[in-house]
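Observations on chain architecture
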Amino acid sequence: MVAQVIDGKAFAAKVRAQVADQVAKLKEENGITPGLAVVLVGEDPASQVYVRSKGKMTVEVGMNSYEHRLDADTSEADLLALIEKLNNDPAVHGILVQLPLPKHLNEDLVINSIDPAKDVDGFHISNVGLLGTGQKSMVPCTPLGCLMMLRDHHGSLSGMDAVVIGRSNIVGKPMAQLLLGDSCTVTIAHSRTKDLPDVVRRADIVVAAVGRTEMVPGDWIKEGATVIDVGINRIERDGKTKLVGDVDYASAAERAGAITPVPGGVGPMTIACLLANTLTACCRSNGLPEPEGLTA
């Protein structure tokens, strides 16, 4: 068996096109332009790249982009004051504070100071609670992107056996909640799971989000299973630097029915879903119908 490659780059482009169409419709019919504010504290090189990419794609889909770049030594009081200002700005529908923050800042305090309705990262404790109880929430972008790709590939996920490897608040836990919401039978596995290979082998869907280079070999994968690899690990191989996932792609692709590559799989979906979340937040704040197919 040779696995079908789930092309996250192409699917993300499709999602961004849907968002752009809906944004144009909002402008024409309601005179509203969704606005996304991104706050970057410090000069972390990877964060700078992410923020630049987010700003570019925000403008490309017709939204307003508001970037706030603060010095690394910015005080917590000043950062919280900026967030409060953005919370009260009707032109801003989504707020994202780029992580990680400098060590003198309390990330939990900062994230939980964002208006939950504008929390397009889905990290606010209120959104975590709403998602966990099956209520309408802002959904974390990476798990949302994984869910979109799974729905696109399978149609209905009802009754499927899913294993999520990893228990982070950013991916593992919300991913499990989303799969439960689509009526999967869900196991959250991790480094201390007993008989982890056997647990993974029974799964129709495997979502690997553990942050360990090629931890999941092909012989852990059930024949025909769908594998979503969230991991992005930079390694040196054959004298070159390359990106690999949490799954050993070559061996897994021989057994899986479908698999996401690294790079080009889950990664591109994260920003696409950030834009989708901003659109959703805008519609909700204005009492308008949510765009179909762009949220959980």
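Heads up: these notes are all about the structure in this document. (Residues numbered from 1 in each chain as written. Predicted model: local features only at pLDDT ≥ 70, side-chain atom pairs only at ≥ 80, totals over all residues. Heavy atoms only, no water.)

1. What about the sheet that holds strand 4 (residues 94–97)?
- Strand order in the open sheet formed by three strands is 3-2-4, with parallel pairing between adjacent strands. Edge positions in the sheet fall to strand 3 (64–70) and strand 4, since each of these pairs with one other strand and no more. Between one strand axis and the next, the sheet turns by 15° as a mean value, whatever way the strands run.
- Across the face of the sheet, helix 2 (residues 45–60) comes into contact with strand 2 (35–41), strand 3 and strand 4 while running at roughly 160° to strand 3. (Pairing = 2+ DSSP bridges. Helix = DSSP H or I, 4+ residues; strand = E, 2+ residues; numbered from the N terminus. Axes fitted to C-alpha atoms, helices over the stretch in contact; angles between N-to-C directions. Contact = heavy atoms within 4.5 Å.)

2. Some words on the environment of N64
- One can find N64 in strand 3.
- In this structure the C-alpha to C-alpha distance between N64 and P34, which are 30 residues apart in sequence, comes to 6.3 Å.
- Look past the residues within four positions of N64 in its chain and what remains in contact with it is T33, P34, G35, L36 and T58.
- At 3.5 Å, the side chain of N64 forms a polar contact with the side chain of Y66. (Polar contact = N/O pair within 3.5 Å; in protein donor to acceptor, adjacent residues only side chain to side chain.)

3. Brief notes about unusual backbone geometry
- The amide bond that connects L99 to the next residue, P100, takes the cis arrangement and shows omega of 5°.
- A cis amide bond links V262 with the next residue in sequence, P263, at an omega value of 0°.
- One non-glycine residue, S183, lies in the positive phi region at around 65°.
- Assignment of secondary structure puts S183 in the loop between helix 7 (172–181) and strand 6 (185–189).
- On the accessibility criterion, S183 (41% relative accessible area) is partly exposed.
- A positive phi is found at D238, a non-glycine position, where the angle reads about 55°.
- Its location among the elements puts D238 in the loop between strand 9 (233–237) and strand 10 (240–244).
- Under the relative-accessibility criterion, D238 is labelled exposed at 74%. (Buried < 20%, exposed > 50% of the residue type's maximum accessible area, 1.4 Å probe, protein only.)

4. Overview of the packing of helix 6 (residues 141–154) against helix 7
- Relative to each other, helix 6 and helix 7 sit at 35°, their axes nearing to 9 Å. Here the hand of the crossing between helix 6 and helix 7 comes out right-handed. Residues P143, L144, C146, L147 and L150 of helix 6 form the contact with helix 7, whose participating residues are P174, M175, L178 and L179.
- Taken together, the residues that form the contact of helix 6 with helix 7 break down as nine nonpolar, no polar and no charged. (Left-handed = near helix turned anticlockwise from the far one by under 90°. Nonpolar A, V, L, I, M, F, W, Y, C, P; charged D, E, K, R; others polar.)

5. A few points about the environment of P291
- By secondary structure assignment, the location of P291 is in the segment after helix 10 (267–285).
- Look at P291 and you get buried, because its relative accessible area is 6%.
- In this structure the C-alpha to C-alpha distance between P291 and L99, which are 192 residues apart in sequence, comes to 28 Å.

6. Here's the deal with the side chain of T74
- The topology assignment puts T74 in the loop between strand 3 and helix 3 (76–87).
- The buried category is assigned to T74, whose relative accessible area is 13%.
- A distance of 2.6 Å separates a polar side-chain atom of T74 from the backbone oxygen of D71.
- In this structure, T74 is in contact with V41, L79, H104 and L105, ignoring residues within four places of it in sequence.

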